[in-house]
Amino acid sequence: MSGRDPDRRRALLDAADRVILAQGPEVSMAAIAAEAGITKPILYRHFGDKSGLYQALADRHVRTVIAQLRPQLVAPGADLRGRARATIGVYLDLISANRNLYRFLFHRASAEDSRIRSHMTALVRGLGEELGGLLVGERAVADPVRAQVLGHAFVGMVQTTGDWWLEHPEVDRVQVVEGLVEVIVAALAPQAAVSPRNGRASRAAGRI
């Protein structure tokens, strides 16, 4: 069946990318079909329905972003601060260069379709779990549960801050990156030791 032809599907996704980038996140499905030289029912036939098209675009772009972030997270020889700075910088560059696609997937498609919202959430959650495992594996965090909490918190923080930054282009990118890095580094600093007698914290020395 033509709907199962991976080359044809790839060409249709390319057409969707072009129209979304050119016309913005509110582009119509008819415009995407027209760019591909087909009708809307035929477009849906290749992906099952509109939700299938959304999911194919999400897989294509969110997985690509994650694949480009992963080498920064595990870069050999780089300290934590340097890797956090590089990873956040790459993420902000990717979403700013593909602003319309980002808004299409994270705002429009996720708002219109609960299945896509769940799918996008699962992709982002997977990155949080991976980061939590990395923190434990590198002994940056000893407690696996705390590592997972921090991994998900860091991913969510960077994503929501990036979303805010897209709406505030007047804010310097470097300021955003450094602000996020400082929060991450502070969270991974040695935890305070709490005295059982008075509940006051005695902060351990150490810097990352």
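Data block above holds the structure.
Residues numbered from 1 in each chain as written. Predicted model: local features only at pLDDT ≥ 70, side-chain atom pairs only at ≥ 80, totals over all residues. Heavy atoms only, no water.

### Side note on the overall build of the protein chain
Step number 1: The helix and strand tally for the protein chain stands at 9 helices and 2 strands.
Step number 2: Across the 208 residues in the protein chain, those meeting the buried criterion constitute 39%.
Step number 3: The contacts in the protein chain between residues at least 6 apart in sequence include a share of 61% that link residues at least 24 apart. (Helix = DSSP H or I, 4+ residues; strand = E, 2+ residues; numbered from the N terminus. Buried < 20%, exposed > 50% of the residue type's maximum accessible area, 1.4 Å probe, protein only. Contact = heavy atoms within 4.5 Å.)

### Quick look at the side chain of D17
Step number 1: Mapping D17 onto the fold places it in helix α1 (residues 6–23).
Step number 2: Take D17: its relative accessible area is 11%, and that puts it in the buried class.
Step number 3: Other than its neighbours up to four places away in sequence, D17 contacts L57, R60, H61 and L101.

### Thoughts on unusual backbone geometry
Step number 1: Positive phi, close to 60°, is recorded for R139, a residue that is not glycine.
Step number 2: One can find R139 in the loop between α7 (114–137) and α8 (144–166).
Step number 3: Residue R139 is classed as exposed on the basis of its relative accessible area, which comes to 77%.

### With respect to the layout of surface pockets
Step number 1: What the largest pocket holds in volume is close to 710 Å³.
Step number 2: Taken together, 34 residues line the largest pocket, and the ones lying closest to its centre are L69, T87, Y91, L127 and V158.
Step number 3: Those elements that provide at least two residues to the lining of the largest pocket are α4 (50–73), α5 (80–97), α6 (99–112), α7, α8 and α9 (173–188).
Step number 4: Space inside the second largest pocket adds up to approximately 180 Å³.
Step number 5: As for the second largest pocket, its lining consists of F106, S110, R117, M120, T121, V124, R125, G128, H152, V155 and Q159.
Step number 6: For the lining of the second largest pocket, the elements supplying multiple residues, two or more each, are α6, α7 and α8.
Step number 7: Here the lining of the second largest pocket takes 6 residues from α7, the largest share from any one element.
Step number 8: The residue inventory of the lining of the second largest pocket, partitioned by class, reads 4 nonpolar, 5 polar and 2 charged. (1 Å grid on protein atoms, 1.4 Å probe; cavity = no way out; pocket = protein on both sides within 12 Å on 5 of 7 lines; lining within 4 Å. Points joined across faces, edges and corners; volume = space filled by probe spheres on them. Nonpolar A, V, L, I, M, F, W, Y, C, P; charged D, E, K, R; others polar.)

### Brief notes about helix α2 (residues 29–36)
In an α-helix, one turn spans 3.6 residues, which is why side chains three or four residues apart end up on the same side.
Step number 1: Here α2 has its buried residues at M29, A31, I32, A33 and A36.
Step number 2: As for α2, its buried residues are in contact with α1, α3 (40–47), α4 and α6.
Step number 3: One or two residues past the end of α2 sits G37, with phi positive at roughly 80°.

### Here's the deal with the packing of α6 against α8
Step number 1: It is the contact of α6 with α8, at a shortest axis distance of 12 Å, that shows an interaxial angle of 125°. Put simply, α6 runs oblique to α8. Once α6 is placed against α8, the crossing between them reads as left-handed. Taken together, the residues of α8 that come into contact with α6 (itself represented by R99, Y102, R103, F106 and H107) are Q159, D163 and L166.
Step number 2: Taken together, the residues that form the contact of α6 with α8 break down as 3 nonpolar, 2 polar and 3 charged. (Axes fitted to C-alpha atoms, helices over the stretch in contact; angles between N-to-C directions. Parallel < 35°, antiparallel > 145°, perpendicular 65-115°, else oblique. Left-handed = near helix turned anticlockwise from the far one by under 90°.)

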